[in-house]
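Chains, contacts and geometry: an overview
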Amino acid sequence: MNIEDNIILKISDLSVSTDGNQILNGLNLTVKKGETHAIMGPNGSGKSTLAKTVAGHPDYLITSGKIRFLNKDLLSMSVNERSNLGLFLGFQYPIEIPGLSNTAFLKAAINAQRKFLDLKVMPANEFLLQLKSTADQLGLDQSFLSRGVNEGFSGGEKKRNEIMQMLMLNPKLSILDETDSGLDIDSMKVVARGVNSSRSEDSSTIIITHYERLLNYLVPDYVHVFFNGKIIKTGNLELANELEKKGYEWLVQKK
Amino acid sequence: MSTQQNKEINEFLDKNYEFGFTTEIESETLPPGINEDVIRIISSKKNEPEFLLNWRLKAFAYWKTLKTPDWSQLNINPIDYQSISYFSQPKQSNAPKSLDEVDPKLLETYEKLGIPLHERAQLAGVAVDAVFDSVSVVTTFKDKLAEAGVIFCSFSEAVQDHPQLIKKYLGKVVPYRDNFFAALNAAVFSDGTFVYIPKGVRCPMELSTYFRINEAKTGQFERTLIIADEDSYVSYLEGCTAPMRDENQLHAAVVELITLNNAEIKYSTVQNWYPGDEQGKGGIYNFVTKRGDCRGNNSKISWTQIETGSAITWKYPSCILRGDNSKGEFHSIALTNNLQQADTGTKMIHLGKNTKSKIISKGISAKKSQNTYRGLVSMAKGASDSRNYTQCDSLLIGNKSGAHTFPSINVKNSTSVLEHEATTSKISDEQLFYCQQRGIDEEDAIGLIVSGFCKEVLRELPMEFAVEARALLQVNLEGAIG
């Protein structure tokens with residue numbers, strides 16, 4: 001197999017600014033198939049900026065660098081094209097769309113993807129069955145499916161909803177931006193189980209988090225520490241445990 | 001952006017008003033202008049009884065004393081009433097007795113509009129009256145309805161076949177003295193739809209009328225009169241389209257509904273008259289008076305309207321809640337794009353005891369359009385223990401559109417309760433980004449967000465039309481984000 005075929009995401013020398021502030025400074029990151037990467041780091045170090053830039057949020061200006069996704073030039077693609085190719089962003093603050101039911105929204109998303117892939121619309125009963133079993137898996141009540149997208153959801157419900165969407169869309173790469181923030185222990189376990197169930201040899205996950213707790217459930221292959229818009233250290237779960245005890249100061253000072 | 005995507009977007013933006021074609025059909029059209037002779041000609045062409053001609057002439061005499069009203073929030077080019085033709089009908093020697101006798105070109109026109117008039121090809125359970133310019137060309141399922149005792153026919157036929165009903169009810173809810181356009185309509189109305197549901201009958205199918213303006217330089221002035229006798233029920237839907245023309249065309253209709261004891265009328269409108277082009281050239285002036293009289297105790301009238309077309313929409317479907325315990329509802333979606341203007345809302349006039357009304361208004365404004373909700377809730381001294389709930393939401397798309405709200409409340413007793421809620425929101429960039437991140441393109445995302453915003457109203461539509469209405473909202477939002 002060509003080595004390129006094994007790479008899901010390759011970020012080279014990426015610099016990004018927003019509102020005139022330089023946030024990412026020459027970032028490099030490669031994610032291979034089947035890998036789980038965790039990104040940690042102090043507030044303002046550029047973690048969410050990375051997530052939004054990869055997803056194509058219009059507020060982020062790329063000043064240099066390249067991103068390849070599934071061996072294609074990601075930066076030339078529209079936001080929905082990236083999604084349809086298999087990129088999923090779990091939002092830190094999921095957006096409310098009042099009146100539009102969760103079901104209708106997901107149906108539109110799945111059929112947009114299928115249209116992009118030249119597949120027929122998913123039959124309604126197949127879709128509903130899959131949706132119900134996914135909701136069950138995440139401990140979400142059926143009534144949840146007919147409620148407006150994130151409308152009046154609790155913090156935990158919003159995050160579970162993101163994971164439900166992820167499982168339904170079956171992405172190649174999921175970037176979960178602080179999916180664990182605001183979750184109680186039980187919700188976190190449910191979310192972790194959901195993420196673990198989606199892991200496969202073909203798909204990869206990037207988890208942005210402040211806490212080792214979620215990582216203890218997910219056991220990432222790599223843990224990266226962000227500072228000033230680039231990676232200053234890479235390790236494994238032990239590094240996350242160390243950070244939990246010592247904070248970031250020692251790394252930053254060493255730097 | 002890929003070339004494929006570019007192509008798709010261009011095709012999307014180039015997609016114009018779908019119903020803008022004209023039908024090449026020989027018409028008999030009166031020369032432009034309005035005077036007593038014109039009214040006499042219209043009346044005699046329709047072989048009307050004298051009481052009707054006299055009523056028209058009185059309306060005309062009154063109209064001449066009026067000035068075009070200017071209290072609305074609208075910018076209207078002056079209308080030259082002498083340059084409009086007040087009557088146009090497809091040339092056909094005799095009134096068709098059955099579908100086989102209808103000019104195939106007419107049938108083709110309605111096919112193109114997605115309204116097949118062949119009964120076998122029809123949506124199950126929907127009877128249609130098709131009005132082309134000034135006349136009704138065909139009404140389907142008449143026999144089946146007649147079995148149930150339901151009268152569903154063109155207004156002209158009703159004048160011939162049921163003059164006693166016309167005499168009893170015409171102009172009783174919207175008198176010709178009501179307003180400028182109601183007076184004009186009374187003077188020159190040419191056709192429309194008549195429905196009578198007898199006592200104790202639940203109409204066995206949905207009734208609908210499709211209005212089509214075809215001829216240039218004509219106006220359309222139709223009247224609809226629906227009477228639901230005691231303990232009866234009917235659901236009625238009207239749809240409207242017109243060709244694309246550079247000039248503004250006037251549509252001044254009157255709709256009167258009457259419910260007797262325990263009767264219910266559900267009246268739905270999907271209005272998609274030609275809205276004019278992006279520069280605001282052409283389009284229909286839609287100046288309509290619609291009113292229902294809940295005359296009987298425990299009766300109910302509900303209006304549902306999806307207003308997406310017309311250069312200018314000016315209408316306030318209203319309810320007079322005369323009977324005790326009667327109910328009035330108004331569910332409205334008004335969508336304006338480009339340079340469209342809409343000034344719409346309702347009046348709920350509570351007269352009877354323990355009457356209830358509900359108003360749900362959803363205004364969506366895109367590009368440089370202006371959208372106004374104007375409403376009146378009035379509770380008379382005798383309307384004790386009455387209730388009203390009003391919810392008035394506006395959604396703005398882009399930075400150049402406008403939403404305006406003018407609610408009036410007038411309560412003359414101390415036992416009634418009113419609630420009024422209003423919101424104004426914008427489709428946010430974050431909502432669009434969220435949808436797009438889930439793979440949905442921008443246009444579809446706007447459509448989804450708007451349909452969510454309109455949910456409470458869309459679910460009021462009969463099933464067959466809810467899908468059509470959603471599609472219509474989507475089409476009319478094309479290019480809304482420029």
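Residues numbered from 1 in each chain as written. Chains lettered and ligands numbered in written order. Predicted model: local features only at pLDDT ≥ 70, side-chain atom pairs only at ≥ 80, totals over all residues.

On a plain count of helices and strands, chain B comes out with 12 helices and 23 strands. The proportion of buried residues among the 482 residues of chain B is 54%. (Helix = DSSP H or I, 4+ residues; strand = E, 2+ residues; numbered from the N terminus. Buried ≥ 20, exposed ≤ 12 C-beta atoms within 10 Å, placed from the backbone.)

Right, let's get into the overall build of chain A. A tally of regular secondary structure across chain A gives 10 helices and 12 strands. A globule of 255 residues ought to have a C-alpha radius of gyration of about 18 Å, and chain A, at 18 Å, matches this closely. When the backbone C-alpha atoms are referred to their principal axes, chain A occupies close to 55 × 40 × 40 Å. Counting every position in chain A, which comprises 255 residues, the buried fraction comes to 42%. Long-range pairs, those at least 24 residues apart, make up 72% of the contacts in chain A between residues at least 6 apart in sequence. (Rg over C-alpha atoms; globule rule 2.2 N^0.38 Å. Contact = placed C-beta atoms within 7 Å.)

So, about the interface of chain B and chain A. One frequently used descriptor of interface size is the decrease in accessible area upon assembly of the parts. Contacts between chain B and chain A engage 19 residues on the former and 22 residues on the latter. At the level of elements, helix 9 (429-437) and helix 10 (442-453) of chain B are the ones that each hand at least two residues to the side of chain B that touches chain A. When the residues that make up the side of chain B that touches chain A are grouped by side-chain class, the tally is 7 nonpolar, 7 polar and 5 charged. (Nonpolar A, V, L, I, M, F, W, Y, C, P; charged D, E, K, R; others polar.)

All names here are of chain A. As summarised here, the arrangement of the 4 strands in space is 2-1-4-5, forming an open sheet in which the pairing is antiparallel. Looking at strand neighbours, the two that pair on one side only are strand 2 (21-32) and strand 5 (72-73), the edges of this open sheet. Two strands pair when backbone bridges link them, and strand 1 (residues 7-18) and strand 2 are joined in this way by 8 bridges, in the antiparallel orientation. Looking at the pairing, Thr18 lines up with Asn21 of strand 2. Contacts from helix 1 (residues 47-55) reach strand 1, strand 2 and strand 4 (61-69) within the one sheet, and its direction differs from that of strand 2 by about 70°. (Pairing = 2+ DSSP bridges. Axes fitted to C-alpha atoms, helices over the stretch in contact; angles between N-to-C directions.)

Below, the discussion takes up the sheet that holds strand 12 (residues 230-235) of chain A. Residues and elements named next belong to chain A. Read from one edge of the open sheet, 6 strands run 6-9-10-3-11-12, paired in mixed fashion. Whereas interior strands pair on both sides, the edge strands pair on one side only; in this sheet they are strand 6 (87-90) and strand 12. Each strand axis lies, on average, 20° off the axis of its neighbour in the sheet, ignoring direction. In the sheet, strand 9 (residues 173-177) pairs with strand 10 (residues 204-208) via 5 bridges, with the strands oriented parallel. Looking across to strand 10, one finds that Ile175 is bridged to Ile206. Its contacts with the sheet put helix 6 (residues 155-169) on strand 6 and strand 9, and the angle it makes with strand 6 is roughly 170°.

Let us now look at the domain arrangement of chain A. Domain annotation for chain A reports domain 1 (1-47 + 60-77 + 219-237) and domain 2 (87-170). Relative to domain 2 of chain A, the C-alpha centre of domain 1 of chain A lies at a distance of 27 Å. (Domains from an automatic or database assignment.)

With that out of the way, let us pick up the confidence of the model for chain B. Residues and elements named next belong to chain B. With 81% of its residues at a pLDDT of 70 or more, chain B has an overall mean of 85. When pLDDT is averaged over each element of chain B, strand 16 (residues 318-321) comes out on top at 98 and helix 1 (residues 3-14) at the bottom at 43. Contacts from residues 1-15, a stretch scored under 50 in pLDDT, to residues over four places away or in other chains number 8 contacts. (pLDDT = per-residue confidence, 0-100.)

Here we take up the pairing of strand 16 of chain B. Residues and elements named next belong to chain B. The alternating pattern of strand 16 places Ser318 and Ile320 on one face and Cys319 and Leu321 on the opposite face, and all of these are buried. In the sheet, strand 13 (residues 283-294) pairs with strand 16 via 4 bridges, with the strands oriented parallel. Residue Gly292 lies in a different strand from strand 16, and its bridge partner there is Cys319. Strand direction decides the pairing type here: strand 16 and strand 18 (residues 341-350), joined by 3 bridges, are parallel. Looking at strand 18, one finds that Cys319 is bridged to Met348.

Residue and element names in this part refer to chain A. Despite not being glycine, Leu70 shows a phi value in the positive range, around 50°. Summarising the element assignment, Leu70 is placed in the loop between strand 4 and strand 5. The residue Val219 is not glycine, and still its phi comes out positive at about 50°. With respect to the secondary-structure elements, Val219 resides in the loop between helix 8 (212-218) and strand 11 (222-227).

A word on the environment of Asn325(B). All names here are of chain B. Residue position: Asn325 is located in the loop between strand 16 and strand 17 (327-336). The exposure class assigned to Asn325 is partly exposed, which follows from the 19 C-beta atoms found within 10 Å. With 30 residues separating them along the chain, Asn325 and Thr355 place their C-alpha atoms 4.5 Å apart. Ignoring anything within four residues of it in the chain, the contact list for Asn325 reads Asn297, Asn298, Asn354 and Thr355.

Attention shifts here to helix 6 of chain A. All names here are of chain A. Taking 1.5 Å of rise per residue, 15 residues should cover 21 Å, and helix 6 covers 21 Å from first to last C-alpha, within 8% of that figure. Regarding helix 6, the residues found buried are Lys159, Arg160, Asn161, Glu162, Ile163, Met164, Gln165, Met166, Leu167 and Leu169. Where helix 6 is buried, its residues contact strand 6, helix 3 (102-116), helix 4 (124-137), strand 9 and helix 7 (185-198). Positive backbone phi, at 50°, marks Asn170, one or two positions downstream of helix 6. (Expected span 1.5 Å × (residues − 1).)

What follows concerns the pairing of strand 18 of chain B. In regular strands, side chains alternate between the two faces of the sheet. All names here are of chain B. When you tally the buried positions in strand 18, you get 10 out of 10 residues, the bulk of the element. With 4 bridges connecting them, strand 15 (residues 312-315) and strand 18 associate as parallel partners. Across the sheet, the residue bridging to Lys315 is Thr344, located in strand 18. Where strand 18 and strand 20 (residues 370-379) come together, 10 bridges link them in parallel fashion. Within the sheet, the bridge partner assigned to Thr344 lies in strand 20 and is Tyr373.

To continue, consider the nonpolar core. Residues and elements named next belong to chain B. Counting residues in each nonpolar core, the largest one holds 173 residues, and the members touching the most others are Ala187, Val188, Val195, Ile226, Val234, Ile449 and Val450. Per element, the largest residue contribution to this core is 7 residues, and it comes from helix 8 (residues 180-188). Sequence-distant contacts of Ala187, defined by excluding residues within four places in its chain, comprise Ile39, Arg56, Ala59, Phe60 and Trp63. (Core = buried A, V, L, I, M, F, W, Y, C linked by C-beta atoms within 7 Å.)

Turning next to the packing of helix 6 of chain A against helix 7 of chain A. Residue and element names in this part refer to chain A. Contact pair helix 6 / helix 7: the axes reach a minimum separation of 10 Å and the direction vectors enclose 10°. With respect to their mutual orientation, helix 6 and helix 7 come out roughly parallel. Residue-level inspection shows Gly156, Lys159, Arg160, Ile163, Met166 and Leu167 of helix 6 in contact with helix 7, the latter providing Ser187, Val190, Val191, Gly194, Val195 and Ser198. When grouped by side-chain class, the residues that make up the contact of helix 6 with helix 7 number 6 nonpolar, 4 polar and 2 charged. (Parallel < 35°, antiparallel > 145°, perpendicular 65-115°, else oblique.)

Next up on the list: the environment of Leu477(B). All names here are of chain B. Here Leu477 is to be found in the segment after helix 12 (463-476). Look at Leu477 and you get buried, because 21 C-beta atoms sit within 10 Å. For Leu477 and Lys367, which are 110 residues apart along the polypeptide, the C-alpha to C-alpha distance reads 9.6 Å. Those residues in contact with Leu477 that lie beyond four places of it in its chain are Asn337, Ala366, Ile446, Gly447 and Val450.

Moving on to helix 8 of chain B. Residue and element names in this part refer to chain B. For helix 8, the tally of buried residues reaches 8 of 9 residues, placing the bulk of the element in the interior. Among all positions in helix 8, only Phe181, Ala182, Ala183, Leu184, Asn185, Ala186, Ala187 and Val188 are buried. Looking at the buried side of helix 8, the elements it contacts are helix 2 (36-45), helix 3 (50-64), strand 8 (222-228), strand 11 (254-259) and strand 13.

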